[in-house]
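A structural walkthrough
What follows is the residue order along each chain.
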Amino acid sequence: MLNMVVVLTIITAAVGAILGGVYKLTEEPIAQANARAQEEAIRVVAPDFDNNPIAESDTIDSNGQKFIVYPASKGGTPVGAAVKSTSRNGFNGEIVIIVGFEQDGTIRQYQVLSHGETPGLGAKMDEWFRTDKNKQSILGKHPAHTNLTVSKDGGDIDAITASTITSRAFLEAVSNAYMAFMDKPIDVMSGSSTHTPNDTIIQPQNGEEVIQ
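Overview of the structure. Since the structure is predicted, the reported quantities are computational estimates derived from the model, not experimental observations.

Rules behind the numbers
Residues numbered from 1 in each chain as written. Predicted model: local features only at pLDDT ≥ 70, side-chain atom pairs only at ≥ 80, totals over all residues. Heavy atoms only, no water. Pairing = 2+ DSSP bridges. Helix = DSSP H or I, 4+ residues; strand = E, 2+ residues; numbered from the N terminus. Axes fitted to C-alpha atoms, helices over the stretch in contact; angles between N-to-C directions. Contact = heavy atoms within 4.5 Å. Salt bridge = Lys/Arg side-chain N within 4 Å of Asp/Glu carboxyl O. Buried < 20%, exposed > 50% of the residue type's maximum accessible area, 1.4 Å probe, protein only. Core = buried A, V, L, I, M, F, W, Y, C linked by side-chain atoms within 4.5 Å. Phe/Tyr/Trp six-rings, centres within 6.5 Å; stacked < 30°, edge-to-face > 60°.

The next thing to look at is the sheet that holds strand E3 (residues 77–90). Within the open sheet, the 5 strands sit side by side as E1-E2-E3-E4-E5. Their pairing is antiparallel. Each end of this open sheet is capped by a strand with a single partner; those strands are strand E1 (58–62) and strand E5 (107–114). Neighbouring strand axes in the sheet, compared pairwise and without regard to direction, differ in orientation by 20° on average. When strand E4 (residues 93–102) meets E5, the two strands line up antiparallel, connected through 6 bridges. Bridge pairing in E5 links Phe-101 to Ile-107. Docked against the sheet, helix H3 (residues 164–181) engages E1, strand E2 (65–74), E3, E4 and E5, running at close to 145° with respect to E3.

To continue, consider the pattern of salt bridges. Counted by the stated rule, this structure contains 6 salt bridges. As a salt-bridge pair, Arg-130 and Glu-127 come within 3.0 Å of each other at their nearest N and O atoms. Judged by its relative accessible area of 47%, Glu-127 is partly exposed.

The biggest cluster of nonpolar side chains holds 31 residues, and the ones touching the most others in it are Ile-97, Val-99, Phe-101, Phe-129, Ile-138, Phe-170 and Val-174. Listing elements by their share of this core, those giving two or more residues are E2, E3, E4, E5, helix H2 (125–128) and H3. Grouped together as the second largest cluster of nonpolar side chains are 10 residues, Ala-46, Ile-68, Tyr-70 and Ala-82 included.

Glancing now at the packing of aromatic side chains. Each aromatic ring pair is described using two quantities: the centre-to-centre distance and the angle formed by the ring planes. Scanning all chains against the criterion turns up 4 aromatic pairs. Ring centres 6.1 Å apart and planes at 55° place the aromatic pair Phe-101 and Tyr-178 in the tilted group. In this pair, Phe-101 is assigned in strand E4 and Tyr-178 in helix H3, connecting sequence segments 77 residues apart. Overall, the relative accessible area of 7% leaves Tyr-178 in the buried class. For the ring pair Phe-101 and Phe-181, a centre distance of 5.2 Å and an interplane angle of 5° mean the geometry is stacked. Highlighted residues: Phe-101 in strand E4 and Phe-181 in helix H3, separated in sequence by 80 residues. Summarising the burial analysis for this pair, Phe-101 and Phe-181 share the class buried. Taken together through their ring pairs, the aromatic side chains of Phe-101, Tyr-178 and Phe-181 make up a single cluster.

Printed below as a string of structure tokens:
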């Protein structure tokens, strides 16, 4: 028994040392890859810039959530920003996006960074809200003049078909990004993706909600 304990201890220590070594070897490359991906996302959504938005970023904390503003400028003149925003009210949890704004607050572009929404339904937000069809696209819209809620709730944006909760959460994250960009208070507890009293939820086999 003693021999087994000694052998097991040695094996455990060796495996731990190997894992620690692998982590040390991969930590820096992973960090660099994440930084490159973040910089690329900022370049995609923000107006053309020649400053370093990551180095000049500002973090806004609101009710335990973080909103990061990456200011964009060119020749020393502010031209807009990219804002990393989050909603915890997705159908399957947290949705993280980055939204680009022109200096006047107009939405320029967005990217979905991470989510757990249903493939083929809620996951359509990757493209749905930039598609120039009906009232889907948020691009070119100004949150001060556009009701960034789903049309079912009286807003100006068409929800993803069969994915109203996902759509509400996505638009909540966009609205929060705008508030962070304008440096205004953010009400992340607004519950914008909760069900309204008259909603009937039908749960199909693939797991995404249908609101009627």
